[in-house]
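Chains, contacts and geometry: an overview
One letter stands for each residue in the lines below.
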Amino acid sequence: MAMPELNHNQLIAQFDNFRQQLRECFESYSDSIIDLLDALAGNSTGVNSVAELSLNPLFSRTYNSVYKAIKESFNTNIKDK
């Protein structure tokens, strides 16, 4: 069974819907997590650390927000300094 072809606007709407559903998976710092995922997906050179990833132009936040987003969203055992 062939999948129906979607036009450009339908694909964008479908992608926006996916991003919104993904954003709703996170109780706090969801925008930072989405930016982090954008930076990861848009990275073409490879990075060695989250700090390097935070320098990607698709991540428009500070490194500190990466730290907080990971800590709050993924229930890590990172201790505050």
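Up top you'll find the structure we're talking about.
In this report, we go over the structure that sits alongside the text. (Residues numbered from 1 in each chain as written. Predicted model: local features only at pLDDT ≥ 70, side-chain atom pairs only at ≥ 80, totals over all residues. Heavy atoms only, no water.)

1. Thoughts on the overall build of the protein chain
Worth spelling out the cut-off: Strands are runs of DSSP state E lasting at least 2 residues, helices are runs of H or I lasting at least 4, and numbering of each runs from the N terminus. Categorising residues by exposure relies on relative accessible area from a 1.4 Å probe, with only protein chains included: less than 20% of the type maximum marks a residue as buried, more than 50% marks it as exposed, and the intermediate range marks it as partly exposed. It only takes one pair of heavy atoms within 4.5 Å for two residues to be counted as in contact.
Per the secondary structure count, the protein chain includes four helices and zero strands. Of the regular secondary structure in the protein chain, the N- to C-terminal order runs α-α-α-α. Considering the protein chain as a whole, with its 81 residues, one finds that 21% of them fall into the buried category. For the protein chain, contacts bridging at least 24 residues in sequence account for 36% of all contacts bridging at least 6.

2. Side note on the side chain of Asp-35
As for its position among the elements, Asp-35 is in helix H2 (residues 30–41). With relative accessibility at 12%, the residue Asp-35 sits in the buried group. Excluding residues within four positions of it along the chain, Asp-35 makes contact with Leu-58, Phe-59, Ser-60 and Arg-61.

3. Quick notes on helix H1 (residues 8–23)
Test applied: To estimate the expected span of a helix, subtract one from its residue number and multiply by 1.5 Å. In the analysis that follows, any N or O atom pair within 3.5 Å is treated as a polar contact, provided that within protein one partner can donate a hydrogen and the other can accept it, and provided that, for residues neighboring in sequence, both atoms belong to side chains.
Counted at 1.5 Å a residue, the expected span for H1 with its 16 residues is 22 Å, and the 22 Å between its end C-alpha atoms agrees. Two or three places before Asn-9, at the opening of H1, Asn-7 has a side-chain oxygen 3.0 Å from that residue's backbone nitrogen.

4. Observations concerning the nonpolar core
Inclusion rule: For the purposes of this section, nonpolar cores are sets of buried Ala, Val, Leu, Ile, Met, Phe, Trp, Tyr and Cys residues that join through side-chain atoms within 4.5 Å.
Counting residues in hydrophobic clusters, the biggest one holds five residues: Leu-36, Ala-39, Leu-53, Phe-59 and Val-66. Setting aside residues no more than four positions away along its own chain, Leu-36 makes contact with Leu-53, Phe-59, Val-66 and Ile-70.

5. A short note on the pattern of salt bridges
To keep things clear, this is the line we draw: We count a salt bridge whenever a side-chain nitrogen from Lys or Arg sits within 4 Å of a carboxyl oxygen from Asp or Glu.
By the definition in use, this model includes three salt bridges. The salt bridge partner of Asp-38 is Arg-19, with a shortest N-O separation of 2.6 Å. Within this pair, whereas Asp-38 is found in helix H2, its partner Arg-19 is found in helix H1, the two being separated by 19 residues in sequence. Its relative accessible area of 19% is what places Arg-19 among the buried residues.

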